[in-house]
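# Commentary on secondary and tertiary structure
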Amino acid sequence: MIADRKPDLLLLLGDNIYAEPTGWQVDDLAAKYAAKMADPQFRAAFDTIPTIATWDDHDLGPNNALGDSPEARAPGTTGLERRQEARLQFLTHLAPSGVDASALDHPAGQIYCSYTLNNVFIIVLDGRYYRQDIRTQGADAQFLGEDQEAWLWQQLDRARSGDYLATLVCCGSTINASKVLGEDVSHYRRFYAEFQTRFKACPNPIFLSGDIHQNTYRRHDGFFEAIASGVAQTRRRDLSEDFPDGVEEVDNFCELRLYEDCAVFEFCVTDYGVFEERFPITGAANPKGD
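My aim in this report is to walk through the structure given alongside it, one point at a time. (Residues numbered from 1 in each chain as written. Predicted model: local features only at pLDDT ≥ 70, side-chain atom pairs only at ≥ 80, totals over all residues. Heavy atoms only, no water.)

### Thoughts on helix H3 (residues 40–48)
The complete set of buried residues in H3 reads Phe 42, Ala 45 and Phe 46. Buried residues in H3, looked at end-on, bunch into an arc of 95°, giving them a common side. Every exposed residue of H3 that faces more than 90 degrees away from the buried side is listed here: Pro 40 and Thr 48. Between the side-chain oxygen of the N-cap and the backbone nitrogen of Gln 41 there are 3.2 Å, and the N-cap of H3 in question is Asp 39. (Buried < 20%, exposed > 50% of the residue type's maximum accessible area, 1.4 Å probe, protein only. Helix = DSSP H or I, 4+ residues; strand = E, 2+ residues; numbered from the N terminus. Arc of directions from axis to C-beta. Polar contact = N/O pair within 3.5 Å; in protein donor to acceptor, adjacent residues only side chain to side chain.)

### With respect to the environment of Val 99
By the secondary structure assignment, Val 99 is in the loop between helix H6 (82–94) and strand S3 (104–105). Through-space distance from the C-alpha of Val 99 to that of Leu 9 is 8.3 Å; in sequence the pair is 90 residues apart. Excluding its chain neighbours within four sequence positions, the residues that come into contact with Val 99 are Leu 9, Pro 50, Thr 51, Ile 52, Leu 104 and Tyr 115. (Contact = heavy atoms within 4.5 Å.)

### So, the sheet that holds strand S5 (residues 120–124)
What the seven strands build is an open sheet, ordered S3-S4-S5-S6-S7-S9-S8; its pairing is mixed. At either margin of the open sheet sits one strand with a lone partner, and together these are S3 and strand S8 (215–220). Pairing analysis gives five bridges linking strand S4 (residues 113–117) to S5, with the strands arranged antiparallel. The partner of Ser 114 across the bridge, within S5, is Ile 123. (Pairing = 2+ DSSP bridges.)

### Examining unusual backbone geometry
Here Asp 15, not a glycine, exhibits a phi torsion of approximately 55°, which is positive. Here Asp 15 is to be found in the loop between strand S1 (10–13) and helix H2 (29–38). According to the relative accessible area criterion, Asp 15 is buried, its value standing at 4%. You will see that Asn 204, though not glycine, has its phi angle at about 40°, which is positive. On the secondary structure map, Asn 204 appears in the loop between helix H9 (189–199) and strand S7 (205–209).

### Topic: the pairing of S7
Of all the five residues making up S7, five are buried; the element is thus mostly covered by neighbouring parts of the structure. Taking every second residue as pointing to the same face, both faces of S7 are buried, with Pro 205, Phe 207 and Ser 209 on one and Ile 206 and Leu 208 on the other. Looking at chain direction, strand S6 (residues 166–170) and S7 are connected through four bridges and run parallel. Note that in S7 the partner of Leu 168 across the bridge is Ile 206. Read from S6 through H9 to S7, the crossover connection turns out right-handed. With four bridges joining them, S7 and strand S9 (residues 223–228) adopt parallel strand pairing. Directly across from Leu 208, in S9, lies its bridge partner Ala 226. (Right-handed = clockwise from strand over helix to strand, strands pointing away.)

### Quick look at the packing of H2 against H3
Orientation of H2 relative to H3, taken along the N-to-C sense of each, is 80°, at an axis distance of 5 Å. For the element pair H2 / H3, the angle class is roughly perpendicular. Along its contact with H2, which presents Lys 36, Met 37 and Ala 38, the element H3 presents Pro 40, Phe 42, Arg 43 and Phe 46. (Axes fitted to C-alpha atoms, helices over the stretch in contact; angles between N-to-C directions. Parallel < 35°, antiparallel > 145°, perpendicular 65-115°, else oblique.)

### Considering the pairing of strand S2 (residues 51–54)
Side chains Thr 51 and Ala 53 of S2 all project onto a buried face; the interleaved residues Ile 52 and Thr 54 project onto the opposite face, where all are buried too. Pairing geometry for S1 and S2, over four bridges, is parallel. Residue Leu 10 lies in a different strand from S2, and its bridge partner there is Thr 51.

### Points about the nonpolar core
Core analysis: the largest hydrophobic core is formed by 27 residues, its most contacted members being Leu 29, Trp 55, Phe 90 and Leu 94. The set of elements that each furnish at least two residues to this core consists of S1, H2, H3 and H6. Counting residues per element, this core draws most heavily on H6, which supplies four residues. Setting aside residues up to four positions removed in sequence, Leu 94 forms contacts with Leu 12, Asn 16, Tyr 33, Met 37, Phe 42, Phe 46 and Ala 53. (Core = buried A, V, L, I, M, F, W, Y, C linked by side-chain atoms within 4.5 Å.)

### Regarding H9
Where H9 is concerned, the buried positions are Phe 191, Tyr 192, Phe 195, Gln 196 and Phe 199. Down the axis of H9, the smallest arc covering the buried residues is 125°, so these residues share one side. Relative to its buried face, H9 has exposed residues pointing more than 90 degrees away, namely Arg 189 and Thr 197. Buried-residue contacts for H9 involve helix H8 (146–161), S6, S7 and S9.

Dropping the structure here:
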């Protein structure tokens, strides 16, 4: 379905696999990635579309896993920290693929990176490896870690001073759509205050996120957010407050199209069909295509 659309770039925003739901069992990660890469639909997209991915909690460990938790920092099966082992598995299978290396800034050994495509500046964050628990560290806890945060400010400065059509920041976590403490970017108040100020000064800022198994669109102070999550999820949930119709949205994805005067989100939701959201943008001399 995604491959048929022939997009210029595929962005995978986390929960690419689902690790064991309890504990930090890194032994099963390779098998989970092997199964993912063997899936015919995923393979068709991954092999034909330039791809950049990041991860989220289920790629790292159990639900709502944090890379700075004691369990993640404990030694794993190879003697490395469990979060290091998980990151190595991720980079082995889902490092940037098919993209122009000259347009990619990918610090060695890291998941986070930036990429320029058709005059669009794309920043992909690692919101898990360095994240601290705000329940123990407070609202000043690190979301990205000191090095990645400094790198991000440099990237946003680059976006702000460059002649770009739009600035995309991609992260597994939503700005404020999760109901779980510590699972939203905005919960990290020191970081988010600085990020918001810098991000909305960039050309046509757009935030892309996932995590919550929904496709939806949100307006924030100075930027827009598209949440698209569930393409790796195939289960159904029982009737609940979160899913009042008894069905969890699955097989969701969003196509972003940028034109000279507007951006269009086309949300594709298997259970409910296709719907669009669009908003005006400025500063483009010519359409940049899909």
